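Tertiary structure, described
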There are 2 protein chains.
Amino acid sequence: MNILLIEDDEVLADGLLHTLSSIGYRVSTVATASLAEYILNIQEFDLVILDLGLPDIDGLRLLRQFRSQKIPLPILILTARDDLNSRIEGIRQGADDYMTKPFDLKELEVRLQALIRRCYGGFSHIIKIGRLHLDTSNHQILADGEFLSLSSRESAVLEILLLQAGKVVCKERIAQRLSYEGEALADNAIEVYVHRVRKKIKPFDANIRTIRGLGYLLENENHD
Amino acid sequence: MNILLIEDDEVLADGLLHTLSSIGYRVSTVATASLAEYILNIQEFDLVILDLGLPDIDGLRLLRQFRSQKIPLPILILTARDDLNSRIEGIRQGADDYMTKPFDLKELEVRLQALIRRCYGGFSHIIKIGRLHLDTSNHQILADGEFLSLSSRESAVLEILLLQAGKVVCKERIAQRLSYEGEALADNAIEVYVHRVRKKIKPFDANIRTIRGLGYLLENENHD
DNA sequence: TCAAAGCTTTCAATAACCTTTCAATTAATA
DNA sequence: TATTAATTGAAAGGTTATTGAAAGCTTTGA
């Protein structure tokens, strides 16, 4: 997790760098807004900690700039300004959280955790197999970022294969998933569905391999 | 935007209910943890405001329960406990934000906005999907900058779809948003409203796709 | 080579959804 | 307040996608 710390107070910056590094974050610090802009262009970050009292540009203005440039990073403001209005303005301008100095390191730590959790999907677990993405939280399957048009049964088949990508899934397993309370399906129902799914995922280089006598397996080529 | 307010102080609950309602949120209040669990099971919410000092179960424990049940709702804790430890624990247990009483209503309002923005809108309080804009701060929907003439129900349907643009929203979710306290709607009411909304947004190249058996999805073509 | 296992296509029944119409209600306007 | 307009939700009939069964074809491995 890469954090950009924009802070001109050298002592505080060093302290934070040390603390955050020690709990596993990779931290880069810059002391001015212009440096911040520069480094954001050449390096990828996951989160920004922004001090409002910068020497060159006002922090709120920098924040506005980020957002108008559609930089979607989570931003936590850290500042000495305690008055309510700048707190409100900070959040209104697009910050995700706000802490005032002096602050407790432990609290900063958990607030960072909360932000990361929220922004980088502690909840929705996304499984990526090649060009297919499965969002397990809402059972949505995307191919190249586009919604894949699947009927609900087709979707169920592909989901179970994606979840076990690279492993053999036996027909019975799939049948269980498709039928309600074990009502029998025609003996070739699974074959029909696999066929339909194959047709739909082929354009995305995804392939369901048949393991004779055992079941099916979604190929999971790790050549990235 | 449906908010569940879990708060046992009746005066405060009423005040918040009134304030939040007046700025366009739909608020349900419950006074106990068990009621909260009950209502969360039968109704969908977009955000939870949780008081830690509840009469039956400790708020933190409730929070842990939510998260262990993988309820991914954004949760803002509101409490009289000012000490640092419970603040840290609150966030660590899975809350997204934390405010201590007494608090400023304006600040609560913007923090709610920030949460909503982060969880549903990327990073702006204006959610832009193609030529449609939803301003989450006042629940207004614009098309090409002009007000879109929608009835309140139509507006509710479109809002919920805009908030989850690109994701499937199931019919039940929409039905809950439309009806008060689960009064039944005709089985095709949603279909009728979706139909009406479709007709109105079509001139703006916006499209609601039907995902058979699952629900609807506002297309969110990322070709910018 | 010949079963067995799997593939593919077709088709009718059905369930899910769409669309229109209309009457009842509510809100707006004169 | 009387009139008009808009909104709402129920009903009914039309449309389309999904489903699963059937039947014939192809591949596989003993």
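Keep in mind that this is a model prediction, so the values were computed, not measured.

**Description of the protein's contact with DNA strand C**
With respect to spatial proximity, 21 residues lie near DNA strand C, and among them Thr210 and Tyr216 of chain A together with Arg198, Thr210 and Tyr216 of chain B are the closest. The sugar-phosphate share of atoms of DNA strand C within 4 Å of the protein amounts to 64%. One nitrogen or oxygen atom from the side chain of Tyr216 of chain A is found 2.7 Å from a phosphate oxygen belonging to DNA strand C. Contacts to DNA strand C include Asn188 of chain B, whose side-chain N or O atom sits 3.2 Å from a base oxygen. At the level of secondary structure, the elements contributing two or more residues to the surface near DNA strand C comprise α8 (189-201) of chain A together with α8 (189-201) of chain B. The biggest single contributor to the surface near DNA strand C is α8 of chain A, with five residues. For the surface near DNA strand C, the residue count by class is four nonpolar, eight polar and nine charged.

**So, the interface of chain B and chain A**
Reports often express the size of an interface as the amount of accessible area lost when the parts come together. Counting residues at the interface gives 32 residues for chain B, matched by 30 residues for chain A. For the pairing of chain B and chain A, the buried interface totals around 2,900 Å² over both sides, and the portion due to carbon and sulfur atoms is 54%. Remark: the boundary between chain B and chain A carries three salt bridges. With a shortest N-O distance of 2.8 Å, Asp96 of chain A and Arg118 of chain B are connected by a salt bridge. Across the contact surface, chain B and chain A share 10 residue pairs in polar contact (both at pLDDT 80 or more). Of all the elements in the fold, those that place two or more residues in the side of chain B that touches chain A are α4 (84-92), β5 (97-100), α5 (105-120) and β11 (208-211) of chain B. Here the element with the most residues in the side of chain B that touches chain A is α5 of chain B; it accounts for eight residues. Residues that form the side of chain B that touches chain A fall into these classes: 16 nonpolar, two polar and 14 charged.

**A closer look at the sheet that holds strand β12 (residues 215-218) of chain A**
Residue and element names in this part refer to chain A. With antiparallel pairing, the three strands of this open sheet are ordered in space as β10-β12-β11. Edge positions in the open sheet fall to β10 (169-170) and β11 (208-211), since each of these has one partner strand only. Relative to β12, β10 is paired through two bridges, and the arrangement is antiparallel. Note on β12: the bridge partner recorded for Val169 is Tyr216.

**Quick notes on the pattern of salt bridges**
This structure, assessed with the given rule, holds 24 salt bridges over all chains. Between Glu89 of chain A and Arg92 of chain A there is a salt bridge, and its shortest N-O distance comes to 3.8 Å. With Glu89 of chain A and Arg92 of chain A both in helix α4 (residues 84-92), this residue pair falls three residues apart, about one helical turn. Taking relative accessible area as the criterion, Glu89 of chain A reaches 28% and is therefore assigned partly exposed. The network of salt bridges with shared partners includes Asp97, Glu107 and Arg111 of chain A together with Asp97, Glu107 and Arg111 of chain B.

**Let's talk about the confidence of the model for chain A**
Keep in mind that low pLDDT regions are not for reading the predicted coordinates in detail. Mean pLDDT over chain A stands at 84; residues scoring 70 or higher make up 95%. When mean pLDDT is taken per element in chain A, α8 of chain A scores highest with 93 and α4 of chain A scores lowest with 80.

**Remarks on helix α7 (residues 171-178) of chain B**
Residue and element names in this part refer to chain B. Among the residues of α7, Arg173, Ile174, Arg177 and Leu178 are the ones counted as buried. In an axial view of α7, the angular spread of the buried residues amounts to 135°, which keeps them on one side of the axis. On the buried face of α7, the contacting elements are β1 (2-6), β2 (26-30), α6 (152-163), β10 (169-170), α8 and β12 (215-218).

**Observations concerning the pairing of β2 of chain B**
All names here are of chain B. Here five bridges tie β1 to β2, and the two strands are oriented parallel to one another. Its bridge partner being in β2, Ile3 is matched across the sheet by Val27. Handedness of the crossover is the feature at issue here: the chain leaves β1, passes through helix α1 (residues 10-22), returns alongside β2, and the resulting connection is right-handed.

Cut-offs and rules
The numbers attached to residues start from 1 for each chain and follow its sequence in the written order. All chains are assigned letters beginning at A, and all ligands numbers beginning at 1, according to the order in which they are written. Owing to the predicted nature of the model, reporting of local features is limited to residues with pLDDT of at least 70; listing and counting of side-chain atom pairs is limited to 80 or more, with chain, interface and lining totals taken over all residues. With hydrogens and water set aside, each side-chain value is computed from the structure's full complement of heavy atoms. Put simply, a residue is near a molecule or strand once any heavy atom of it comes within 4 Å of that molecule or strand. Whenever a nitrogen or oxygen atom comes within 3.5 Å of another N or O atom, the pair is scored as a polar contact, on the condition that within protein one atom can donate a hydrogen and the other can accept it, and that pairs from neighbouring residues in sequence are kept only if both atoms are in side chains. Helical segments are the DSSP runs of H or I of at least four residues, strand segments are the runs of E of at least two, and each set is numbered from the N terminus. Think of it as three bins: nonpolar holds Ala, Val, Leu, Ile, Met, Phe, Trp, Tyr, Cys and Pro, charged holds Asp, Glu, Lys and Arg, and polar takes everything else, Gly as well. Only heavy atoms enter the contact rule, under which two residues are in contact if any of them lie within 4.5 Å. By buried area we mean how much accessible surface two parts lose on assembly, using a 1.4 Å probe and totalling the loss over both. Salt bridges are defined as contacts in which a side-chain nitrogen from Lys or Arg sits within 4 Å of a carboxyl oxygen from Asp or Glu. Two strands pair under a simple rule: DSSP has to find at least two bridges between them. Between buried and exposed lies partly exposed: a residue is buried under 20% and exposed over 50% of the maximum accessible area for its type, with that area taken using a 1.4 Å probe on protein chains only. One confidence number per residue, pLDDT, is output by the predictor and ranges from 0 to 100. In this description, one arc is meant: the one made by directions from the helix axis to the C-beta atoms. By convention, a crossover is right-handed whenever its connection, traced from the first strand over the helix to the second and viewed with the strands pointing away, goes clockwise.

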